[in-house]
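Spelled out from the first residue to the last, the chains are:
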Amino acid sequence: MSNSVIEVPPKGGFSFDLCKRNEMLAKKGLNPPSFRKTGTTIVGLIFQDGVILGADTRATEGPIVCDKNCEKIHYMAPNIYCCGAGTAADTEAVTDMVSSQLQLHRYHTGRESRVVTALTLLKKHLFNYQGYVSAALVLGGVDVTGPHLHTIYPHGSTDTLPFATMGSGSLAAMAVFESKYKEGLTRNEGIELVTEAICSGIFNDLGSGSNVDVCVITKAGKEYLRNHLQPNPRTYTSSKGYSFPKKTGVGKSCLLLQFTDKRFQPVHDLTIGVELGARMISIDDKPVGLQIWDTAGQESFRPITRSYYRGALLVGL
Amino acid sequence: MDLNMHLNAPHSMGTTIIGVTYNGGVVLGADSRTSTGMYVANRASDKITQLTDNVYVCRSGSAADSQVVSDYVRYFLHQHTIQLGQPATVKVAAYLVRLLSYNNKNILETGLIVGGWDKYEGGKIYGIPLGGTLIEQPFAIGGSGSSYLYGFFDQAWKEGMTKDEAEQLVVKAVSLAIARDGASGGVVCTVVINLEGVTRNFYPGDKLQLWHEELEPQNSLLDILNSPSPEPMNI
């Protein structure tokens, strides 16, 4: 490509100048802030009555898991669902947008949406942005023409397949599918195979984890099995629950009363702010006056009580 | 991570695509592998796409770019057919593909082979490689696997073949390219277009002829362990 000297007026369409600038900056070492990605394992397969979609539930922000139970199976139409891998914001936004477009289309045509309609809308949008909208999708649904399953890549290419996997865990999941998939699976066999494939991604891929979501779509309707399997429960919670150290009601005012007045009062009102008690004691035959400040334990009095610590000769905890 | 980089690479069709004319029509052939970096994203893709009833196109290069170009051309040809009142000619289909490829050469990365049959010219093959040249040829090859077939076609191609000869030539060529090119694989798909209409054929990978040093598919570990090891190369 030759560098033209003449200034050409820009034609319509998306301008990728800032994308090029970002690439140049990255090469010089200035990296953009990390964003939330769904590392992910997403799968889909066609069984005898329709389509089953599956996904894990981990969302990552660089090396950190920022959401342990996110939803990656997005609604497109009552009979069409879409799993999304890649940048979480991109997959959510693009599936939301196309879902609205499909709704409008349903109003115009008066008919149930077709899977190829969703497919074309998604691929057109992604191709226009030349791969910068980082959304890799598994689209599945059942319409009048039967069950359909498609994969859509960020650059806008699509494939139509009987079983598909996408995301960082796609290799692990595809290994399961390639060895166990056959045509004409029953509903339970299909769900079991999808769960197995997602689990393979969860346990073997660092970008995928937590629970398994499954969505079964047939001519009769859809069944969204959120957290169908939870193979990673939290095992470190104590059965007795957690308690935090108490600062109120431990007996400070009681102690002061006993020391100054030599009497015991079982029920006290809550100390407000600070209370003063005084007593004369003799040390080495010299009379010494003690000023004892009883501070309130409640958090709300903390700013007041803090100022009484200064200049204290003794602190009792 | 290397693996992640490969999974996010643009979806490209390494590919071997072929178009051959014979006495009475054309035969188009292609493999079925779509790769993303080092991973095979789809091992059963259909690279021979219909543009009209009598014209098909073989796609290679970027999967997204070639799908979009063929979608647009199909749409334009549909309108053109309605306006014309009769089936579009292969030349018009090829011209439209060339128009899109040439005018968008900065952003597209796709090589296409348009082939079909019409009543004026009979069977015709047009090659439209990267850059958007249009060249009418008796046979055309494209894709990464085509590098291994130039010599083969120089020797094996002849004028006035029959339909079966042409189809056998295409299947043999694609299977030779699959044997040598890592980015081509899977099954061989052929489409025969002539006066009678269109016929699609499908040759699974394990039914193809074995070439030099290719082994029989082996299912038992005993066979694999007992097979002779390849001879060391003489330098």
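This one's a predicted model, so the numbers in the text were calculated from it and none came from an experiment.

**Observations concerning the interface of chain A and chain B**
The interface is formed by 18 residues belonging to chain A together with 19 residues belonging to chain B. Across the chain A to chain B interface the summed buried area is about 1700 Å²; carbon plus sulfur atoms make up 56%. Looking at the side of chain A facing chain B, the largest losses of area belong to Phe127, Tyr153 and Leu171 of chain A, adding up to 28% of the total buried there. Between chain A and chain B we count two salt bridges in total. If you look at where chain A meets chain B, you find five residue pairs in polar contact (both at pLDDT 80 or more). Taken together, the elements giving at least two residues each to the side of chain A that touches chain B come down to helix H3 (115-128), strand S10 (158-160), strand S11 (163-166) and helix H4 (170-180) of chain A. Looking at the side of chain A that touches chain B, the element that brings in the most residues is H4 of chain A, giving four residues. When its residues are assigned to classes, the side of chain A that touches chain B shows seven nonpolar, eight polar and three charged.

**Looking at the sheet that holds strand S2 (residues 42-47) of chain A**
Residues and elements named next belong to chain A. Reading across from one edge, S11-S2-S3-S12-S13 is the order of the five strands in this open sheet, with antiparallel pairing throughout. Lying at the two open borders of the sheet, with one neighbouring strand each, are S11 and strand S13 (222-229). Strand after strand, the sheet turns through a mean of 15° between neighbouring axes, direction not considered. Contacting S2 and S11, H4 runs over the sheet at an angle of about 160° to S11. Strand contacts of helix H5 (residues 187-204): S2, strand S3 (50-55), strand S12 (212-218) and S13, with the helix running at about 150° to S12, the strand carrying the most contacts.

**A closer look at the domain arrangement of chain A**
Taken domain by domain, chain A comprises domain 1 (41-229) and domain 2 (252-306). Here the C-alpha centre of domain 2 of chain A lies 67 Å away from the C-alpha centre of domain 1 of chain A.

**Things to note about the sheet that holds strand S13 (residues 197-203) of chain B**
Residue and element names in this part refer to chain B. The sheet built from five strands is open, its strands ordered S11-S2-S3-S12-S13 with antiparallel pairing. At either end of the open sheet lies a strand with only one pairing partner, and these are strand S11 (139-142) and S13. Averaged over all pairs of adjacent strands, the angle between strand axes in this sheet comes to 15°, irrespective of strand direction. The strands touched by helix H5 (residues 163-180) within the sheet are strand S2 (17-22), strand S3 (25-30), strand S12 (188-194) and S13, with S12 carrying the most contacts at an inclination of about 155°.

**Regarding a nonpolar patch on the surface**
Residue and element names in this part refer to chain A. Together, Leu276, Trp293, Ile304, Tyr308 and Tyr309 make up an exposed nonpolar region whose accessible area comes to about 500 Å². Of note, Ile304 is situated in helix H7 (residues 302-306). Assessed through its relative accessible area of 40%, Ile304 is described here as partly exposed.

**Points about helix H2 (residues 63-84) of chain B**
Here H2 of chain B spans 31 Å end to end across 22 residues, near enough to the 32 Å set by a 1.5 Å rise per residue. Directly beyond the C-terminal end of H2 of chain B, a positive phi value near 85° is found at Gly85 of chain B.

**Observations regarding the environment of Tyr308 of chain A**
Residue and element names in this part refer to chain A. As for its position among the elements, Tyr308 is in the segment after H7. Considered as a pair, Tyr308 and Leu18 are 290 residues apart in the sequence and their alpha carbons are 59 Å apart. Those residues in contact with Tyr308, other than ones at most four positions away along the chain, are Val274 and Trp293.

**Examining unusual backbone geometry**
Residue and element names in this part refer to chain A. Of note, Ser210 is a non-glycine position whose phi angle comes to about 65°, a positive value. Relative to the helices and strands, Ser210 is located in the loop between H5 and S12. The residue Asp284 is not glycine, and still its phi comes out positive at about 55°. Here Asp284 shows up in the loop between strand S14 (274-283) and strand S15 (286-295). Asp284 gets classed as exposed once you look at its relative accessible area, which sits at 67%.

**Digging into the packing of aromatic side chains**
Tallying each qualifying case throughout the model produces ten aromatic pairs over all chains. With a centroid separation of 5.1 Å and an interplanar angle of 45°, the aromatic rings of Phe139 of chain B and Trp157 of chain B are classed as tilted. Of this pair, Phe139 of chain B sits in strand S11 while Trp157 of chain B sits in the loop between helix H4 (150-156) and H5, and the two are 18 residues apart along the sequence. Considered together, Phe139 of chain B and Trp157 of chain B belong to a single accessibility category, that of buried residues. Geometrically, the ring pair formed by Phe152 of chain B and Phe153 of chain B is edge-to-face, given 5.7 Å between the ring centres and 85° between the ring planes. Ring pairing ties together the aromatic residues Phe139, Phe152, Phe153 and Trp157 of chain B, which thus form one cluster. Over the ring of Tyr72 of chain B we find Lys124 of chain A, and its NZ or CZ is 5.7 Å from the ring centre. A cation sits over an aromatic face here: Arg98 of chain B above Tyr95 of chain B, 5.2 Å from the ring centre.

**Focus on helix H1 (residues 17-28) of chain A**
Given a rise of 1.5 Å per residue, twelve residues ought to cover 16 Å, and the 17 Å separating the end C-alpha atoms of H1 of chain A matches this to within 8%. One or two steps after H1 of chain A, the chain reaches Gly29 of chain A, where phi turns positive at roughly 115°.

**Topic: the packing of helix H2 (residues 88-109) of chain A against H3 of chain A**
The description of two packed helices rests on the angle between their axes and on the distance between the axes. Residues and elements named next belong to chain A. Taken N-terminus to C-terminus, the directions of H2 and H3 make an angle of 135°; their axes are 10 Å apart at the nearest point. In terms of axis orientation, H2 runs oblique to H3. Here H2 and H3 pass one another in a crossing that is right-handed. Residues Val94, Met97, Val98, Gln101, Leu102 and His105 of H2 form the contact with H3, whose own contacting residues are Thr117, Ala118, Leu121, Leu122, His125 and Leu126. Counted by class, the contact of H2 with H3 contains eight nonpolar, four polar and no charged residues.

**Quick look at the packing of H4 of chain A against H5 of chain A**
All names here are of chain A. Remark: H4 packs on H5, axes separated minimally by 7 Å, with the N-to-C direction vectors making an angle of 145°. Between H4 and H5 lies a crossing of right-handed hand. Seen from H4, the contacting residues are Ala172, Ala173, Val176, Phe177 and Lys180; seen from H5, they are Leu193, Val194, Glu196, Ala197, Ser200, Gly201 and Asn204. Within the contact of H4 with H5, the residues separate by chemical class into seven nonpolar, three polar and two charged.

Rules used throughout
- Residues numbered from 1 in each chain as written.
- Chains lettered and ligands numbered in written order.
- Predicted model: local features only at pLDDT ≥ 70, side-chain atom pairs only at ≥ 80, totals over all residues.
- Heavy atoms only, no water.
- Contact = heavy atoms within 4.5 Å.
- Buried area = accessible area lost by both parts, 1.4 Å probe.
- Salt bridge = Lys/Arg side-chain N within 4 Å of Asp/Glu carboxyl O.
- Polar contact = N/O pair within 3.5 Å; in protein donor to acceptor, adjacent residues only side chain to side chain.
- Helix = DSSP H or I, 4+ residues; strand = E, 2+ residues; numbered from the N terminus.
- Nonpolar A, V, L, I, M, F, W, Y, C, P; charged D, E, K, R; others polar.
- Pairing = 2+ DSSP bridges.
- Axes fitted to C-alpha atoms, helices over the stretch in contact; angles between N-to-C directions.
- Domains from an automatic or database assignment.
- Patch = residues over 30% accessible without salt bridge, like charges linked within 9 Å, V, L, I, M, F, W, Y side chains within 5 Å.
- Areas by Shrake-Rupley, 256 points an atom, 1.4 Å probe, with all protein chains shown as cover.
- Buried < 20%, exposed > 50% of the residue type's maximum accessible area, 1.4 Å probe, protein only.
- Expected span 1.5 Å × (residues − 1).
- Phe/Tyr/Trp six-rings, centres within 6.5 Å; stacked < 30°, edge-to-face > 60°.
- Lys NZ or Arg CZ within 6 Å of the ring centre and 35° of its normal.
- Parallel < 35°, antiparallel > 145°, perpendicular 65-115°, else oblique.
- Left-handed = near helix turned anticlockwise from the far one by under 90°.

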